[in-house]
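# Structural characterization, general
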Amino acid sequence: MASILFENNQLLRAAGNVTSINAVPKSTLSPGDVIHTSLDVWVNGLFFASLGLSLSTALLTVLVKQWLHVMPDAVPSLPTYVHKGLKHGDFEKLWRHSP
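Criteria and cut-off values
Residues numbered from 1 in each chain as written. Predicted model: local features only at pLDDT ≥ 70, side-chain atom pairs only at ≥ 80, totals over all residues. Heavy atoms only, no water. Helix = DSSP H or I, 4+ residues; strand = E, 2+ residues; numbered from the N terminus. Buried < 20%, exposed > 50% of the residue type's maximum accessible area, 1.4 Å probe, protein only. Contact = heavy atoms within 4.5 Å. Areas by Shrake-Rupley, 256 points an atom, 1.4 Å probe, with all protein chains shown as cover. Patch = residues over 30% accessible without salt bridge, like charges linked within 9 Å, V, L, I, M, F, W, Y side chains within 5 Å. Salt bridge = Lys/Arg side-chain N within 4 Å of Asp/Glu carboxyl O. pLDDT = per-residue confidence, 0-100.

The subject of this paragraph is the overall build of the chain. Counting its regular elements, the chain contains 4 helices and 0 strands. Looking at the 99 residues of the chain, the share that counts as buried comes to 11%. A sequence separation of at least 24 residues applies to 17% of the contacts in the chain between residues at least 6 apart. Summed over its atoms, the accessible surface of the chain is roughly 8,500 Å², and 68% of this surface lies on carbon and sulfur atoms.

A few words on a nonpolar patch on the surface. Together, Phe47, Phe48, Leu51 and Leu55 line one region of the surface with nonpolar side chains, adding up to about 420 Å² of accessible area. Locating leucine 51 in the fold gives a position in helix H2 (residues 38–74).

For the chain, per-residue confidence averages 75 on the pLDDT scale, and residues scoring 70 or more make up 64% of the total. No element of the chain has a lower mean pLDDT than helix H4 (residues 91–97), which averages 57, and none a higher one than H2, which averages 89.

Structure (structure tokens):
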């Protein structure tokens, strides 16, 4: 894989200079020659699982925040301090007033 990156670097340098692109030596490794081990598959699987979990957590957080912003209007029987705390995002007041 390093030889492909080296060839790419040489091609970029040749394109920026007066060097001919055909003068850059070809890499002996092709992308199809790479063999994936089970460790590689596991690491990629864990990466995508972590990415999915973090994105779903962010989505759930946004949905809960929007729901808390709308909740005081939907439940008129809540005490006044709950309405104010939920509307303005002051959750510390709600925590102190809770029984």
